[in-house]
Amino acid sequence: MLQQIVESFFQKVGEKLVDYAHSKVTDITNLKFDVTNLKEALNLLCATAMDVEDKIETDASGKKKRKREVEDWLRQVQLIQSDFLQLQSGGHITRLLSGGRVAKLNKQVNELVEQSRHFGEVLVNDYDRRGQAFLAAEMFGEAFEENLDTIWGLLVDDKVGSIGIYGMGGIGKTTLMKHIHNLLLQETQDCVFWVTVSQVFSVNKLQDELARAMGLKLSDKDDTDRRAAELSKAFSTRESIVLILDDVWENIKLEKVGYPLGREGCRLVITTRSLKVCHQFGCKKINEVKTLHNDEAWDLFKETLGHESVPSDVEEIAKCMVKMCDGLPLGIITLAGSMRGEMAIHVWRNALTELKKSFMGHDDMEDQVYKVLKYSFDRLLPNHQQGKRRGYTNLQLCFLYCALYPEDCKIPRNELVRKFISEDLVDTRKSMKAQYDEGHSMLDKLVNTCLLESTHNHKDGDSVRMHDLMRAMALKITEGKTVVIAGHSSLKEIPNEEEWREDLENLSLIQSGIEVVPFEMSPKCPKLLRLLLRENPFNYLPGSFFSRMHALCTLDLSRTRIKDLPDSLSDLKSLKALLLGECRELAAVPNLGKLKSLRELDLSYSGIRKVPQGTEKLLNLQRLLLNGANYIRMLPTGLLANLSNLQLLLLPYQVQTPVEDIERLKRLEEFAGPVEDARDFSRVFRSRSRAHGTYYSIQVRLVYDGFSRRRNQVTFYLCDLEKGDENHDTMSAQDILVFHHCDGLSNCLADDISRLDDPRSLKLLEVYNSRGIECMFTYAKSVSQFSSLEKILLQELPDFMGMIHRREAGPSEVFASPTFAPAAFSSLKYLTICKCNKMNKLGLPASEFPKLERICVRNCDEIQEIIETADGTGRGEAVGPFVSLPRLRQLYLIQLPRLSSICKAKMLCDSINIIHVEQCQALKKLPLNFPESENHTLHEGSYHGSPPPSLEEIWILEEEREWWDSLEWEHPIQSHLIQPFLRFWD
């Protein structure tokens, strides 16, 4: 919407400039320059704001909320939007041009754009107030149970201030503490903070991790004392804290991270391989984690092996193999994972022989552990279509690639699979969808053989992690050819040329804090294949930096502050992947015309002003990412016509591409970008739909950036969907459907959705600023087509009267519950209604929404009731005394001045997490009921219960406290749940 306002505003500014020029000739050149700069800054602000909103909508879940600074930033953008609405009148524009308002607005807009570059994550975890449960492997062995009981007693009963847990690597210290961590969250009200320290350690990094755990943004990165004070202040606001430091290798001065150990209620637990470290911390109690007994080791092996029982004729062989693991859980689990599915006795005999051979002459326990892990690595056999490269199978190379990331790094699966594709570790002759499937299958294999750990949860997403012993083993395998200094956030300067050996093949300096690259540095690395410099703050590379790296295949400079790239890059003729994503300060790239082997060029969210010269010559290019590169105004003529091998194309919001160029890309499988109108969309879709499994994110006259989510999305912007019969074919199958400022939509949205090829494929529906829409569906129409819909967002629909419209009813009986199919709305999780001022009842039939997690209704002037309890007759008679919303987690009711009732019946909400009620002063009662247990207790029409443990926060305006206290509740609410806030905006 802001972009539309900007275009209208500048059209009128152009008209006024003509008049202004006659009277202020001497200033007109400067003024034109200022206006041009303001327009460019506003366009960038538009794109950034919508990127942020899009990311929030994509990533938000019941466990996440917006960061306060992001929320405040979006409000300031909205204020600018309001300013432009006011400035569109001629008089205001005249005053704007005659004063210094242009320069002031320019400065304000640029400040907002710059502020957005330092957000990092736009969401924080809603559970960060106390911590979040981990996925933890099942406990095994009597010693494990004893340690668990002992440590639990020390923390909860005895309130011991500091506890040390030590034992060799892979023995289960982290697993033990994950169970303790989860129990603390489940059984106590303690705030529990977990930080993995690792061998690569710095105070700065630890401060950052603690701040992230608390949802805190620290100030000056270099002033550790100031940051420690900020952390200390944050800790002081929490009464009872348990800080868990996992995998500690040396003593840490806790005052450097602001932790008030010794204060009542503050406890510390460390895990380490060294008893000495426990003593250095001054731990009051110390526990050693010991290896498993023989019987326990055998039971763990059998359980890890899976539901297949060990064949009787190989049992003794298997027991011999387990004994060689000497009771170490990690070794046993890894060995069992490598033998899954093997039934033939000759395979087991051979495995034992190979294992014994690898153990010969090695008495050291840690060396023996390495041999067990190496044996499992050696058993990663190739698929029947794969050979070996550099002596390894592709599956082994995938495993070794994970070691290039920092220690204990949680690596997103999608990112890893993309790397596997770039590295040709999958069959690139396949379709892109098949490549992704193969990459994920390889990751599954590594997880199933226990060489990688799955870390899928709300906080980390779908990721994998490499145990530090596995990583050490991988680096030992590639010793001499691979150097990994990843995660050393205090490195400051890139390693000297002398440290870049001539036989080096892989160098990873990810997240190493590199700020300086010496002038005229030119490392001699003729065999270097991979150089990973991503996520470092340096801004300069010498002109000859790449001149002696002619074998380089992968160059990753993503998320650096590099401003321009050296000319020596142009001669990297073996380069297959050039990754420059999120290089915000990168303005230009040298000529790429010689890089004939290049398959992936990632310039997404970079600061480049134009597509690099020579890109049209990259005939083997398969993946071109320009999304978010908002300074690019046009593509070079004929660019896409030459890139016939493109499989992935992501374009920025403002670049209009002839639809004919898209149609010619016959291999294109994934596309995100704008087209001119609905007819062009139809052409693009038909050209893409010929390929099975195509993904797309197409924007029709869209004014902000789209990006691939691996889900199909179509957005219509400023379209008249009534014009032309062909438009009835345009809304083909997709997961996400968005209408922005559209005409020609039906008065019942169900009619538009029924035009989809497969309405049941629709997951998300968003409609903004569109006239004529009166309802979501009607009484008479079947709504089974909504069975897969997970999210509905309706905003600024001036004719919208409610979810349900009973057309045959009289004026007083407009809303009634329809006859639903059993699966209707069975998947809906999120419902947001905003600025629909004609609606006086939402008409939401609660009984038909079993999975609804979030209801947000805001800025609807006429609405009086939210939840519909009518019996289907249209008379509004409640069907019973209770309405159940079993999964409702968040309820937002904001600026609803006439809202008098949420629901006429009482609502059972045993999963409610957040309640936010603001400026709803006609409301007299909150009819929320909370069960005491899973079995609801009903006695003669009454309900006995209390607020559930899930209820964490109730947000109210400080100025409305008196009204809030007068509200009638079904149950008393604890005062500590109420979070008053001040309102600083209109």
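Everything here concerns the structure above.
Computed from a prediction, not measured in an experiment: that's the story for all the values here.

J.: Is there a simple way to think about helix α19 (residues 468-477) in this case?
T.: Each full turn of the α-helix corresponds to 3.6 residues, which orients residues three or four apart in the same direction. Counting buried positions over the 10 residues of α19 gives 7, a clear majority of the element. Those residues of α19 that fall on the buried side of the exposure criterion are D468, L469, M470, R471, M473, A474 and I477.

J.: Where do I start with the sheet that holds strand β11 (residues 453-454) in this structure?
T.: Strands pair in a sheet through their backbones, by hydrogen bonds, and they do so in one of two ways: parallel or antiparallel. Pairing in this open sheet of 3 strands is antiparallel, and the strands run β10-β12-β11 from one edge to the other. Here the strands that pair on one side only, and so sit at the sheet edges, are β10 (410-412) and β11. Relative to strand β12 (residues 463-465), β10 runs antiparallel, the two being bridged by 3 bridges. By the bridge assignment, I411 is partnered in β12 with V464. Seen against the sheet, helix α17 (residues 413-422) touches β10 and β12 and runs at an angle of roughly 65° to β10.

J.: Just to check I follow, could you spell out the pattern of salt bridges for this structure?
T.: Note that side chains of opposite charge can pair when their charged atoms are close. Per the stated rule, a full pass over the model turns up 36 salt bridges. Between R534 and E535 there is a salt bridge whose closest N-O contact spans 3.1 Å. Given a relative accessible area of 7%, R534 falls into the buried group. One connected set of salt bridges, linked through shared partners, spans E415, K419, R534, E535, D556, R559 and E582.

J.: Would you explain the environment of E423 in this entry?
T.: Structurally, the position occupied by E423 is in the loop between α17 and α18 (432-448). Along the sequence, E423 and A577 sit 154 residues apart, while their C-alpha atoms lie 8.1 Å from each other.

J.: What exactly am I supposed to notice about the sheet that holds strand β3 (residues 162-166) here?
T.: If you trace the 5 strands from one edge of the open sheet to the other, you get β4-β5-β6-β3-β7, paired in parallel fashion. With one partner strand each, in any of the chains shown, β4 (191-196) and β7 (285-288) form the two edges of the open sheet. Recorded for the sheet is a direction-independent mean angle of 15° between the axes of neighbouring strands. The sheet contact formed by β4 and strand β5 (residues 241-248) spans 6 bridges and is parallel. The residue bridging V195 from the neighbouring strand is L245, located in β5. Of the strands in this sheet, β3, β4, β5 and β6 (266-272) are in contact with helix α7 (residues 173-187), which crosses β4 at around 160°. Across the sheet, helix α8 (residues 203-214) lies against β4 and β5, angled at about 145° from β4, the strand it touches most.

J.: Teacher, can you tell me more about the packing of helix α11 (residues 294-305) against helix α13 (residues 329-338) here?
T.: Geometry of a packed helix pair, given as the angle between the helix axes and the separation of the axes. Contact geometry of α11 with α13 gives a least axis separation of 8 Å together with a crossing angle of 40°. Here α13 runs oblique to α11, going by the angle between their axes. In the crossing of α11 with α13, the sense of the turn from one axis to the other is right-handed. Touching A297, L300, F301, T304 and L305 of α11 are P329, I332, I333, L335, A336 and G337, all from α13.

J.: Is there a simple way to explain a negative patch on the surface in this structure?
T.: Among the surface-exposed residues, E142, E145, E146 and D149 lie close enough to one another that they form a single negatively charged patch. Structurally, E142 is set in helix α6 (residues 142-157).

J.: Could you clarify how one ought to interpret the nonpolar core in this entry?
T.: In summary, soluble globular proteins display a tendency toward joint burial of nonpolar side chains. Residues F399 and L416 are the most contacted members of the largest nonpolar core, which totals 68 residues. Broken down by element, this core gets its largest block of residues, 7 residues, from helix α16 (residues 394-402). Ranked by size, the runner-up nonpolar core spans 66 residues in total, among them C748, M803, L831 and V857.

J.: What am I meant to see in the packing of aromatic side chains here?
T.: How two aromatic rings sit relative to each other is set out by the distance from centre to centre and by the angle between their planes. Applying the stated criterion to the full structure yields 10 aromatic pairs. Centroid distance W298 to F301: 5.8 Å. Interplanar angle 10°. Geometry classified as stacked. Taken together, the residues W298 and F301, both in helix α11 and 3 residues apart, mark about one turn of the helix. For F301, a relative accessible area of 0% corresponds to the buried category. When the ring of F545 is compared with that of F546, the centres are 5.1 Å apart and the planes differ by 90°; the resulting orientation is edge-to-face. The pair formed by F545 and F546 is uniform in burial state, with each residue classed as buried. One aromatic cluster in this structure is built from F193, F235 and Y259. Geometry around Y631 places R609 over its ring, the cationic atom sitting 3.9 Å from the centre.

Scoring rules and cut-offs
- Residues numbered from 1 in each chain as written.
- Predicted model: local features only at pLDDT ≥ 70, side-chain atom pairs only at ≥ 80, totals over all residues.
- Heavy atoms only, no water.
- Buried < 20%, exposed > 50% of the residue type's maximum accessible area, 1.4 Å probe, protein only.
- Helix = DSSP H or I, 4+ residues; strand = E, 2+ residues; numbered from the N terminus.
- Pairing = 2+ DSSP bridges.
- Contact = heavy atoms within 4.5 Å.
- Axes fitted to C-alpha atoms, helices over the stretch in contact; angles between N-to-C directions.
- Salt bridge = Lys/Arg side-chain N within 4 Å of Asp/Glu carboxyl O.
- Parallel < 35°, antiparallel > 145°, perpendicular 65-115°, else oblique.
- Left-handed = near helix turned anticlockwise from the far one by under 90°.
- Patch = residues over 30% accessible without salt bridge, like charges linked within 9 Å, V, L, I, M, F, W, Y side chains within 5 Å.
- Areas by Shrake-Rupley, 256 points an atom, 1.4 Å probe, with all protein chains shown as cover.
- Lys, Arg positive; Asp, Glu negative; His and termini not counted.
- Charge placed at Lys NZ, Arg CZ, Asp CG, Glu CD.
- Core = buried A, V, L, I, M, F, W, Y, C linked by side-chain atoms within 4.5 Å.
- Phe/Tyr/Trp six-rings, centres within 6.5 Å; stacked < 30°, edge-to-face > 60°.
- Lys NZ or Arg CZ within 6 Å of the ring centre and 35° of its normal.

Limitation: the analysis is restricted to geometry and does not speak to function.
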